Amino acid sequence: MFLHLGGDVIVPKREIVAILDIRSKASAITREFLEIAGDEGFIINISEPGKEKTYVITNNEIYLSPISCTTLKKRALSPVSSED
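Conventions adopted
- Residues numbered from 1 in each chain as written.
- Predicted model: local features only at pLDDT ≥ 70, side-chain atom pairs only at ≥ 80, totals over all residues.
- Heavy atoms only, no water.
- Helix = DSSP H or I, 4+ residues; strand = E, 2+ residues; numbered from the N terminus.
- Rg over C-alpha atoms; globule rule 2.2 N^0.38 Å.
- Buried < 20%, exposed > 50% of the residue type's maximum accessible area, 1.4 Å probe, protein only.
- Contact = heavy atoms within 4.5 Å.
- Areas by Shrake-Rupley, 256 points an atom, 1.4 Å probe, with all protein chains shown as cover.
- Lys, Arg positive; Asp, Glu negative; His and termini not counted.
- Charge placed at Lys NZ, Arg CZ, Asp CG, Glu CD.
- Core = buried A, V, L, I, M, F, W, Y, C linked by side-chain atoms within 4.5 Å.
- Patch = residues over 30% accessible without salt bridge, like charges linked within 9 Å, V, L, I, M, F, W, Y side chains within 5 Å.
- Salt bridge = Lys/Arg side-chain N within 4 Å of Asp/Glu carboxyl O.
- Pairing = 2+ DSSP bridges.
- Axes fitted to C-alpha atoms, helices over the stretch in contact; angles between N-to-C directions.

Asker: Describe the overall build of the protein, listing the residues and the values that go with them.
Answerer: Helices and strands together make up the secondary structure of the protein, namely two helices and six strands. From first element to last, N terminus to C terminus, the protein shows the α and β order β-β-β-α-β-β-β-α. Radius of gyration (C-alpha) of the protein: 13 Å, near the 12 Å computed for a compact globule of 84 residues. Out of the 84 residues in the protein, the part that is buried amounts to 30%. Residue pairs in contact within the protein that sit at least 24 positions apart in sequence constitute 49% of those at least 6 positions apart. Taken as a whole, the protein presents about 5,700 Å² of accessible surface, with 54% of it coming from carbon and sulfur. Each charge class in the protein was averaged separately, 10 positive and 12 negative side chains, and the resulting centres sit 9 Å apart.

Asker: Just give me the short version of the nonpolar core, but keep the residues and values in it.
Answerer: One broad trend across soluble globular proteins is that nonpolar side chains are buried collectively. In this structure, Leu 3, Leu 5, Val 9, Val 11, Ile 16, Ile 46, Val 56, Tyr 63, Ile 67 and Leu 72 together form the largest nonpolar core, which totals 10 residues. Sorting the residues of this core by element identifies strand S1 (2-6) and strand S2 (9-12) as the ones contributing at least two each. Look past the residues within four positions of Ile 67 in its chain and what remains in contact with it is His 4, Leu 5, Gly 6, Lys 53, Thr 54, Leu 72 and Arg 75. Core analysis: the next-biggest nonpolar cluster, separate from the first, contains seven residues, Leu 34, Ala 37, Ile 57 and Ile 62 among them.

Asker: Give me a negative patch on the surface: which residues, what numbers.
Answerer: Taken together, the side chains of Glu 32, Glu 35, Asp 39 and Glu 40 define an acidic patch exposed on the protein surface. Tracing the backbone through its elements, the reader meets Glu 35 in helix H1 (residues 28-40). Classification of Glu 35 by relative accessible area gives exposed; the value is 51%.

Asker: Tell me about the sheet that holds strand S4 (residues 43-45), and please be specific about residues and values.
Answerer: Each strand in a sheet pairs with its neighbour through backbone hydrogen bonds, running either in the same direction (parallel) or in the opposite one (antiparallel). Strand order in this open sheet of four strands is S3-S5-S6-S4, and the pairing throughout is mixed. In this open sheet, the two strands that pair with only one neighbour each are strand S3 (16-21) and S4. Across the sheet, the mean angle separating the axes of adjacent strands is 20° when strand polarity is ignored. Where S3 and strand S5 (residues 54-58) come together, five bridges link them in antiparallel fashion. Considered in S5, the bridge of Ile 16 is made with Thr 58. In the packing of helix H2 (residues 69-77) onto the sheet, the strands contacted are S3, S5 and strand S6 (62-65), and the crossing angle to S3 comes to about 150°.

Asker: Explain the environment of Ser 24 to me, and be specific about the residues and the numbers.
Answerer: Within the secondary structure layout, Ser 24 lies in the loop between S3 and H1. For Ser 24, a relative accessible area of 24% translates into the label partly exposed. For the pair Ser 24 and Val 56, spaced 32 residues apart in sequence, the C-alpha to C-alpha distance is 12 Å.

Shown next as structure tokens:
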């Protein structure tokens, strides 16, 4: 199963570690984690500047998605129909 993060980016659901609202970076530990990830080149922005809503942390990358945390969570948890 896959999750569409926005733009042309789709990731396997099994690789998703966390889906965080962009406002969660207010936490000191989260801010430090994201700073280090950015310095190391692990953050991929798939949003237009200023349109970022969600951090999607996977096994290998962190994506800045323009899709809300709530919408991504619903997509991730929705059952797949037998037609997919």
